[in-house]
Amino acid sequence: MPQEGRSEGRSPRPFRSLRPSHRLRAPRRPRVWFEILLVAASYWLYSLVRNAVPEQRAEALRNADRIWSAERHLGIAVEQSVNHAVNSVTWLIVSMNYYYATLHFVVTVCVLVWLFHRHPGRYAAARLTLFAATGAALLGYYLYPLAPPRLMAGGHFVDTVLVHHTWGSMASGNFKNMSNQYAAMPSMHIGWSLWCGLTVFALVSAPWARILALLYPALTLAVIVSTANHFWLDALGGMACLAFGYAVSYAWYGSLPHHLAKRVPAPGGRARLAGVSSAAPARTRHPAPEPAGPPQGR
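Residues numbered from 1 in each chain as written. Predicted model: local features only at pLDDT ≥ 70, side-chain atom pairs only at ≥ 80, totals over all residues. Heavy atoms only, no water.

Caption draft 1: A look at the overall build of the chain. What the chain contains, in helices and strands, is eleven helices and zero strands. Reading the helices (α) and strands (β) of the chain from amino to carboxyl end gives α-α-α-α-α-α-α-α-α-α-α. Of the roughly 17,000 Å² of accessible surface on the chain, 65% is carried by carbon and sulfur atoms. (Helix = DSSP H or I, 4+ residues; strand = E, 2+ residues; numbered from the N terminus. Areas by Shrake-Rupley, 256 points an atom, 1.4 Å probe, with all protein chains shown as cover.)

What follows is the structure in structure tokens.
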């Protein structure tokens, strides 16, 4: 597995030697303004589509009851106990509320920026993984409406945002009418955080950074359960969406993102250099005169 400071990944094939069908799939150097607009437009579209999914309240509540029953049958229905225990520690649950409302976006953007600057050859493939996973999640919201535990009838879960008056969450309080309340499956807090963790883990060599990379999705899992925004099984849905995203990226680029070359040359720069080389006149070298030898005696 290539890591930063250890390996540069596969050597890229010369861009001009690729066939037209392969050239489209070849990793290219990202352009900053295009990427800013693309990420911003994609997040806006994701929020728009997610919130436009019909809020099928009755079906979402029935699905929540089924999930809760399945977890009780499997012996992993501990969400309520975790929710009540963490809610009793005010500073901890308030911190988790802010974590849930902000970090899934902030950390994901930071990892994208880091990839853009430090691993431009791998950026497009990693971004495609993230976008494909998010697209699969939108389909899940439409096909399987699911109420979060905090909205279950008789579930006795604590809505921690309402209780502690936390700012920033679109899931509760004054912002709840701006967000689809019944789009809990899959959990893209887990999907995005796991993408961040795996991406950083695969590309860095510092042990402390790799540990933090793995702790981030684990802590996110604790947060989504403690705040009663998701079931454990919602996290599995997020993982499945991410697996789909990696499959799409692999099918397009023929490799996982971290196996691609760290950097790729700019095709335009190669073409310009080739043009300058062919246009430059060739210099004619004249052989130097041979030094005169000693006079021949008679």
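Caption draft 2: Here's a closer look at the nonpolar core. Residues Leu115, Tyr141, Met188 and Trp195 are the most contacted members of the largest nonpolar core, which totals 37 residues. Of all the elements in the fold, those that place two or more residues in this core are helix H5 (90–118), helix H6 (120–143), helix H8 (188–203), helix H9 (207–226) and helix H10 (232–253). Considering every element that reaches this core, the biggest residue donor is H5, with nine residues. If you look at the next biggest cluster of nonpolar residues, it comprises 15 residues, including Ile67, Ala147, Tyr182 and Phe231. (Core = buried A, V, L, I, M, F, W, Y, C linked by side-chain atoms within 4.5 Å. Buried < 20%, exposed > 50% of the residue type's maximum accessible area, 1.4 Å probe, protein only.)

Caption draft 3: Geometry of unusual backbone geometry. A cis amide bond, omega 0 degrees, links Met185 with the succeeding residue Pro186. Along the chain, Pro186 falls in the loop between helix H7 (160–164) and H8. Positive phi is not limited to glycine here, since Ala228 has a value of about 60 degrees. Along the polypeptide, Ala228 turns up in the loop between H9 and H10.

Caption draft 4: Looking closely at the side chain of Thr166. With respect to the helices, strands and loops of the structure, Thr166 is situated in the loop between H7 and H8. If we ignore the near neighbours within four places in the chain, the residues touching Thr166 are Val94, Asn97, Tyr98, Thr160 and Val161. (Contact = heavy atoms within 4.5 Å.)

Caption draft 5: How the structure looks around helix H3 (residues 57–74). Here H3 spans 26 Å end to end across 18 residues, near enough to the 26 Å set by a 1.5 Å rise per residue. Its buried side turned inward, H3 meets helix H4 (79–87) and H10. Among the residues trailing H3, Gly75 stands out with phi positive, at a value near 80 degrees. (Expected span 1.5 Å × (residues − 1).)

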